[in-house]
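# Results of the structural survey
One letter stands for each residue in the lines below.
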Amino acid sequence: MFESYDPREGRLFSLLDVEGKLAPPPAGFPLMSDEQALAAYRTMVMSRQGDEWAVSLNRQGRLPTYALNKGQEANSVGALMAVRPDDWFVPAFREFGGMLVRGVSLQQYYLYWYGNEAANHLPLEKFHMMPISVPVGSQMLHAVGLAWAERYKGSDRIALTFMGEGASSEGDFHEACNLAGVWKAGVIIYAQNNHWSISLPWSKQSASATLAEKAFAYGFEGVRVDGNDIFAVYAAVQMAAERAREGGGPTLIEGLTYRLGAHTTSDDPTKYRSDEEVQQWETRDPILRLERYLLKKRLLSDADIVKIREQSLDCARSSFEEVEQAADTTREDTFQYLYREMPDMLAAQMQRRKT
Amino acid sequence: MKVLTLLEAVTDALRTEMASDRSVVVFGEDVGLEGGVFRVTTGLQREFGEERCFDTPIAESGIVGAAVGMAVAGLRPVVEIQFSGFAFPAFNQIASHVSRIRNRTRGALTAPLVIRMPYGGGIRAPEHHSESLEALFGHIPGLKVVIPSTPHDAKGLLISAIRDPDPVVYLEPARAYRAVRQEVPEEAYTVEIGKAKIEAEGDELTLVSYGAQMIEARQARAMLAAEGRSVELIDLRTIHPFDARTVVDSVRKTGRFLAVHEGPQSFGVASELVATVLEQAFDVLEAPPARLTGPDIIYPMPRGERHYLMTVEHVLTEARRVLDYEP
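All figures in this text were calculated on a predicted structure; none of them were measured in a lab.

So, how was this worked out
Residues numbered from 1 in each chain as written. Chains lettered and ligands numbered in written order. Predicted model: local features only at pLDDT ≥ 70, side-chain atom pairs only at ≥ 80, totals over all residues. Axes fitted to C-alpha atoms, helices over the stretch in contact; angles between N-to-C directions. Helix = DSSP H or I, 4+ residues; strand = E, 2+ residues; numbered from the N terminus. Parallel < 35°, antiparallel > 145°, perpendicular 65-115°, else oblique. Contact = placed C-beta atoms within 7 Å. Nonpolar A, V, L, I, M, F, W, Y, C, P; charged D, E, K, R; others polar. Buried ≥ 20, exposed ≤ 12 C-beta atoms within 10 Å, placed from the backbone. Domains from an automatic or database assignment. Pairing = 2+ DSSP bridges.

Residues and elements named next belong to chain B. For the pair helix H3 (residues 60-72) and helix H4 (residues 91-98), interaxial distance at closest approach is 8 Å and the crossing angle is 25°. Between H3 and H4, the angle is such that the two are roughly parallel. Contact with H3, carried on its side by Ser61, Val64, Gly65 and Val68, involves Asn92, Gln93, Ile94, His97 and Val98 of H4 and no other residues of that element. For the contact of H3 with H4, the class distribution of residues is 4 nonpolar, 5 polar and no charged.

Moving on to unusual backbone geometry. The omega torsion across B:His240 and B:Pro241 is -5°, close enough to zero to call that bond cis. Tracing the backbone shows B:Pro241 in the loop between strand E12 (238-240) and helix H9 (244-254). One non-glycine residue, A:Lys184, adopts positive backbone phi at about 50°. Looking at the secondary structure, you find A:Lys184 in the loop between helix H7 (171-183) and strand E3 (187-193). Judged by the 17 C-beta atoms lying within 10 Å of it, A:Lys184 falls in the partly exposed class. Positioned with a positive phi, A:Arg298 is a non-glycine residue whose angle comes to about 60°. Assignment of secondary structure puts A:Arg298 in the loop between helix H12 (286-296) and helix H13 (302-325). Overall, the presence of 7 C-beta atoms within 10 Å leaves A:Arg298 in the exposed class.

The next thing to look at is the domain arrangement of chain B. Residue and element names in this part refer to chain B. Domain boundaries assigned for chain B yield domain 1 (2-184) and domain 2 (197-324). Relative to domain 2, the C-alpha centre of domain 1 lies at a distance of 26 Å. Listing elements by their share of the side of domain 1 that touches domain 2, those giving two or more residues are helix H6 (134-138), strand E6 (144-146), helix H7 (151-163) and strand E7 (168-173). A per-class count over the side of domain 1 that touches domain 2 returns 12 nonpolar, 7 polar and 7 charged.

Turning our attention to the sheet that holds E3(A). Residues and elements named next belong to chain A. In spatial order, the strands read E1-E2-E3-E7-E6; together these 5 strands make up an open sheet with parallel pairing. For this open sheet the edge positions go to strand E1 (88-90) and strand E6 (221-226), each flanked by a neighbour on one side alone. Strand-to-strand, the axes of this sheet are offset by a mean angle of 20°, without reference to chain direction. Examined bridge by bridge, E3 and strand E7 (residues 251-256) share 6 bridges and lie parallel to one another. In the strand pairing of E7, glutamine 192 is matched with glycine 255. Packed onto the sheet, helix H10 (residues 230-245) meets E3, E6 and E7 and runs at close to 170° relative to E7.

Right under this line is the structure:
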């Protein structure tokens, strides 16, 4: 499927260049429609504005530690647009845009980072999504199990999971890839390679030239896509999704991208990487690139851009204000979801906490 | 009714639930064709097909992590960890996800899976094959932990575990697998999780144990009975959430308490039971509540096992001490 883009030969699948010029996709590969590209743009801008507002909120002391998505938006937005709304989505924690595509509201997203588990109340039938997974690299196994279960039940749903490049050092990455290969699971493992695992660069993370090439050792295909190119991400994920749906097994996609912001609001990236490197990646900003394309095609005007940004920021501000006004976690909330029925022992402990 | 060993009763429970519920799938290392290293899953693959009972690569974290996804998608996976001493690679999945999915999603998603594992010593096994880790699992909020000591309870508790809406760690006393036989109903039945069983009534001492250690506890009770001493023997059966009421009610009757288990002493189940007895029955105690447990040492290889395991003599000595205690 991705034979012309073998990562072992140093190939990268890319369609949209930094100037916003789109190359025709290879034969058989899907191309995002203008309408989809515009929708993707709006979502990416929402993610970016929401991200920047979150950082500002953190500095104002209104939001606890927050993990930034800035610069990586095309990965999860493109990937989620390329699968069905009822395919399983198993995120790591840098898939804000993808969560918006899946229908998670901005309030819900902010509520999570505000520190309330109620944000993860995502009914299965509506979202087909697992909550944000914090333990690095542990969630890909869930996607393998979900895909296995769907096939067992006779459904053609697949599972799309995300990880960062640092998670490839975790044992669970190996176990997930190995099981996915052996079971020929209908799963797409999408690794956002943003170059930095907090302070550790890829060169110290792995001796592999690419992450994608690891797939071949597990008996399936890996491909490296330009993760700042929404068209490439969309096409690659849709191809992989078709393969998974038809019983052709897993695909490992490495989205080459860059974290333009800090790891979280508690991190200071100037300690471990140079301004030059960041500036170089700023020129490859996925939103700018798509913006140039849309401007060239007259699907968007300069005035539209300003308006979309403003609307997004307004939306971020008002959503967070709603979150601040929402009821806080109650004592009952912290006790009653451990089990479907609260054991006497827990009920007694809860009673004792009454002041 | 058929007479079954504890091991056969586990197999019977699996077969019963697989026959009645297609969402029940069984997998783990060597559980398919071979039927597991102890042969607990013997015949299941032949009866239900490779899709429902299958071998996995040697990947404990993978087994449990994949089961999380399957359970969230609506299946009832029953996975086997070959020995509890090999559960450590799966600990992240167990403690970070299995136990937390319901709470994390405020009930939107659940992971009702069963993790079966043989545990405990006395089987002359290599290193890492004899651990008693129930206290570790019991310390993880969101898990249920059960241990049968009889074939009847083995079947009933496993059926309950499979049908339970929450994840259950089901620990099987390897030493008791073939040592205990009992009549077991052929149909499906449940034994309630969270309920201890008063196995024999008495009024001078409450003796609580579980798992393989029940073998020595029963012997000790019988020997004491022959001496005219009346011991109430309780099989705890569920480690977490444990049945404090049955234990405390018994102590209120006897005034004396002894908990016996194979697992290490510090921060163990007996410590929790003693604390509960002190909190809820202090006023009736006629002797300091006691615990008799494995020592806080690494489980020895076979040539040293006798320094770890407790015989009926150990139980008798400690039971007599508590019975005869005078302030």
